[in-house]
2 protein chains.
Amino acid sequence: MAIFFHAENWPVDIWLQALRKLSPGLDIRLWPDLAGRDDIEYALLWRPRREMLLNLPNLKVIFSLGAGVDHLLGLDTLPPHVPVARITEPDLTSRMSEYIVLHVLGHHRRLREYEALAARHEWRELGQPAAREVRVGILGLGVLGLDAAKKLKMMGFQVAGWSRRAKDVEGIESFAGMDNLDAFLARTDILVCLLPLTPETAGILDYDLFSRLARDGAGKGPVLINAGRGGCQVERDILRALEDETLFAATLDVFETEPLPQASPLWAHERVSITPHNAAPSAPEAICSRILEQIRRFEAGKALEDLVDIRQGY
Amino acid sequence: MAIFFHAENWPVDIWLQALRKLSPGLDIRLWPDLAGRDDIEYALLWRPRREMLLNLPNLKVIFSLGAGVDHLLGLDTLPPHVPVARITEPDLTSRMSEYIVLHVLGHHRRLREYEALAARHEWRELGQPAAREVRVGILGLGVLGLDAAKKLKMMGFQVAGWSRRAKDVEGIESFAGMDNLDAFLARTDILVCLLPLTPETAGILDYDLFSRLARDGAGKGPVLINAGRGGCQVERDILRALEDETLFAATLDVFETEPLPQASPLWAHERVSITPHNAAPSAPEAICSRILEQIRRFEAGKALEDLVDIRQGY
């Protein structure tokens, strides 16, 4: 049994070290030197190129090295009968919630404005509502969205989530499907996007959507936080919405093109916070441990967890 | 029955409006026109001047308009037999925890450094531990400290608290008394101070204390967050500790002199965040509602809550 490992543009050594530490005898194959392709039963992949998925006759499972699987599902060479599993594991979930809670609180507490005052040596109270007066809405109420929702709730915010199917979570208002998107947006002051990238969600964060957010909130105006996928957002619409105050501010961890091009006007916008797609950085040891556990389960005849529904796209 | 209200340097109108809304018939007296001083049974005070406490023969209770009471206990005119009550109420507690969680996460997630990268249009991952690898220590485990501790715990941090007497709280390591301060500091990466200002705590945040913080942490080095009282900190020691990296960074909401003087080098320090003593801004309606509830209880012969032990100083 061999494993094909490929993580495009990632520091591969750290990952191989993690795998070898967790499973010293593991036969790991790297592109392009896959040697006996018949041995390869599992593929651990991040942004593979299309040709990498060809000629693997005994491939049993493809594991995404991250929570998202849009990097796999877009490939026309994805073998249709091989199951695809995504990563959900506590380390990644916890890191994502750190990011979401930090940036929701940062906007809520007007951190940027206080930094600007401090830069001018200016001691001034700006005033702010309490968390209980502020409505956070989370687009995408999967494992990550739910964890963030619970933590924001515990910080005192009014929290709602929107997803394909309604979720029943105590204290979190649940909206489901396109029919209820308007109602969800109309009660949302701070919008957090954790949607997967699928044909339905591509470009969903556009000017029209921003214009449907609450405009009667206790804070300064609607805020967007996108820590899902850059393909969900229309960046020229974000800039337009900031310009005419349809959006008050934005925090973006993901972009239409990554790395964000030097020339993007988002970098220098005073009401935009940029992070380099690190909201929930994959911790190699935690991710590899989870995948090896899945392989052990599968080899023992048990069902895989976190399987992707390829038609739904997540 | 009349009430003496005084809040030095606060916008008094908002407070009077809140009191009148909550209790329309209330007889409120303002300095210096106290009229018939014999009528005054309750005093609601923030930083009163010493002469304000003289000649109030029928004063039954003094209420501090904030959580701290150092502004009262330092006055030599404080009538020794009149009980003093501080404010603890959920709005104030929740706002303080917003501030603490925001700034702990901000240091943990290296927000300042990412902002500096973004200002240079630089896309770079800095790396960071998970919250579970980071030890937060809270000096002062009263109502505010406990709430912050629980919320930080829920965000994944290892949390300990230090207080005069040991507290038994699930998941929070408790250290008590001066004998255990060293052990508490030695396991602390991010130090949060929520101590009251008393003769024992004045100047406690000094170079010697900073040098006893953990130096083997998973992050960049020890961090100080003071949202308690400025009198607990020695600002020249904070600057010295930042200079020689005994401290990596600091967030300060309170200062030896407030407003922080224009000339203070803290304003411009790149590893110091300054806020204008607004970690837990008093919301007039919530505070007044709590005090009027206390007065009703007291008039009905019930015990006052949140009484201050004047000898202990909090």
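Note that the structure is predicted; figures quoted are calculated from it, not measured.

The rules we used
- Residues numbered from 1 in each chain as written.
- Chains lettered and ligands numbered in written order.
- Predicted model: local features only at pLDDT ≥ 70, side-chain atom pairs only at ≥ 80, totals over all residues.
- Heavy atoms only, no water.
- Least-squares fit on C-alpha atoms with pLDDT ≥ 70 in both.
- Contact = heavy atoms within 4.5 Å.
- Helix = DSSP H or I, 4+ residues; strand = E, 2+ residues; numbered from the N terminus.
- Expected span 1.5 Å × (residues − 1).
- Buried < 20%, exposed > 50% of the residue type's maximum accessible area, 1.4 Å probe, protein only.
- Polar contact = N/O pair within 3.5 Å; in protein donor to acceptor, adjacent residues only side chain to side chain.
- Arc of directions from axis to C-beta.
- pLDDT = per-residue confidence, 0-100.
- Buried area = accessible area lost by both parts, 1.4 Å probe.
- Salt bridge = Lys/Arg side-chain N within 4 Å of Asp/Glu carboxyl O.
- Domains from an automatic or database assignment.
- Disulfide = S-S within 2.5 Å.
- Axes fitted to C-alpha atoms, helices over the stretch in contact; angles between N-to-C directions.
- Parallel < 35°, antiparallel > 145°, perpendicular 65-115°, else oblique.
- Left-handed = near helix turned anticlockwise from the far one by under 90°.
- Nonpolar A, V, L, I, M, F, W, Y, C, P; charged D, E, K, R; others polar.
- Pairing = 2+ DSSP bridges.
- Right-handed = clockwise from strand over helix to strand, strands pointing away.
- Lys, Arg positive; Asp, Glu negative; His and termini not counted.
- Phe/Tyr/Trp six-rings, centres within 6.5 Å; stacked < 30°, edge-to-face > 60°.
- Lys NZ or Arg CZ within 6 Å of the ring centre and 35° of its normal.

A short note on the relation of the copies chain B and chain A
Once turned by 180° and shifted 0.0 Å along the axis, chain B lies on chain A with an RMSD of 0.0 Å. The transformation relating the two chain copies, once decomposed into turn and shift, fits a two-fold axis. Among all C-alpha atoms of chain B, that of L102 of chain B lies closest to the rotation axis, at 2.7 Å. Most of the interface of chain B is mirrored in chain A: 100% of its interface residues are interface residues there too.

Details of helix α3 (residues 90-108) of chain A
Residue and element names in this part refer to chain A. With 19 residues, α3 extends 26 Å between its outermost C-alpha atoms, agreeing within 8% with the 27 Å of an ideal straight helix rising 1.5 Å per residue. For α3, the tally of buried residues reaches 18 of 19 residues, placing the bulk of the element in the interior. Structurally, the start of α3 carries an N-cap: the backbone nitrogen of D91 is 3.1 Å from a side-chain oxygen of E89. Immediately downstream of α3, the backbone of R110 shows phi near 55°, a positive value.

Details of helix α1 (residues 12-22) of chain B
Residues and elements named next belong to chain B. For α1, the set of buried residues is W15, L16, A18 and L19. Taken around the axis of α1, the buried residues stretch over an arc of 160°, which confines them to a single face. Seen from the buried face of α1, the exposed residues on the opposite side, beyond 90 degrees, are D13, Q17 and K21. For α1, the elements touching its buried residues are β1 (2-7), β2 (27-30), β3 (40-46) and α9 (284-299).

Considering the confidence of the model for chain A
Mean pLDDT for chain A: 96, with 100% of residues reaching 70 or above. Across the whole predicted complex the pTM is 0.95, and at the interface the ipTM reaches 0.94.

Some details on the interface of chain B and chain A
The interface of chain B with chain A comprises 48 residues on the first partner and 48 residues on the second. A buried area of about 4,100 Å², summed over both sides, lies between chain B and chain A, and 61% of it is on carbon and sulfur atoms. Viewed at the interface, chain A and chain B are joined by four salt bridges. For E98 of chain B, the salt bridge is made with R109 of chain A, and the minimal N-O distance between the two is 3.1 Å.

Some remarks on the domain arrangement of chain A
Residues and elements named next belong to chain A. If you check the domain split of chain A, you get domain 1 (2-87 + 282-299) and domain 2 (92-274). For domain 1 versus domain 2, the separation of C-alpha centres amounts to 32 Å. Overall, the association of domain 1 and domain 2 removes approximately 510 Å² of surface from exposure, summing both partners, and the carbon and sulfur fraction of that is 56%. Of all residues in domain 1, the largest losses of buried area upon contact with domain 2 belong to A67, D70 and A283, amounting jointly to 57% of the total for that side. Applying the counting criterion to the domain 1 and domain 2 interface returns one salt bridge. Between domain 1 and domain 2 we count one residue pair in polar contact (both at pLDDT 80 or more) in total.

Regarding the state of the cysteines
Residue and element names in this part refer to chain A. Within the structure shown, the criterion is met by zero disulfides over all chains. C232 supplies the cysteine sulfur nearest to C193, a cysteine that is in no disulfide, at a spacing of 4.8 Å. In this structure C232 comes out as buried when scored by relative accessible area, which is 0%.

A few points about the packing of α3 of chain A against helix α3 (residues 90-108) of chain B
Remark: α3 of chain A packs on α3 of chain B, axes separated minimally by 9 Å, with the N-to-C direction vectors making an angle of 125°. Judged by the angle between their axes, α3 of chain A and α3 of chain B are oblique. For the pair α3 of chain A and α3 of chain B, the sense of crossing is left-handed. Residues E98, V101, L102, L105, G106 and H108 of chain A of α3 of chain A lie in contact with α3 of chain B, whose contacting residues are E98, V101, L102, L105, G106 and H108 of chain B. Each residue belonging to the contact of α3 of chain A with α3 of chain B can be placed in one class, and the counts come to six nonpolar, four polar and two charged.

So, the pairing of strand β11 (residues 249-252) of chain B
The side chains of a regular strand alternate between both faces of the sheet. Residue and element names in this part refer to chain B. Of the two faces of β11, the one carrying A249 and T251 and the one carrying A250 and L252 are both buried. Relative to β11, strand β10 (residues 223-226) runs parallel, the two being bridged by four bridges. Within β11, the position partnered with N226 by the bridge is L252. Read from β10 through helix α8 (residues 235-243) to β11, the crossover connection turns out right-handed.

Considerations on the side chain of D253 of chain A
With respect to the element layout, D253 of chain A can be found in the loop between β11 (249-252) and β12 (272-274). No salt bridge is formed by the buried D253 of chain A. Its closest oppositely charged neighbour is R109 of chain B, at 6.6 Å. At 2.8 Å, the side chain of D253 of chain A forms a polar contact with the backbone nitrogen of A279 of chain A.

Looking at the packing of aromatic side chains
Across all of its chains, the model carries 16 aromatic pairs over all chains by this definition. Ring geometry for F5 of chain A versus W15 of chain A: centroids 6.1 Å apart, planes at 35°, classification tilted. Here F5 of chain A, found in strand β1 (residues 2-7), pairs with W15 of chain A, found in helix α1 (residues 12-22); they are 10 residues apart in sequence, far enough to count as distant. You can call F5 of chain A buried: its relative accessible area is 1%. Ring geometry for Y42 of chain B and F298 of chain B: centres 6.1 Å apart, planes at 85°, overall edge-to-face. Residue Y42 of chain B is located in strand β3, and its partner F298 of chain B is located in helix α9; the two are separated by 256 residues in the primary sequence. Connected via pairs of aromatic rings, a cluster forms that spans F5, W10, W15 and W46 of chain A. The ring of Y207 of chain B has R240 of chain B sitting right over it, with the charged end atom 3.5 Å from the ring centre. We note R271 of chain B situated over the ring of F248 of chain B; from NZ or CZ to the ring centre the distance is 5.6 Å.

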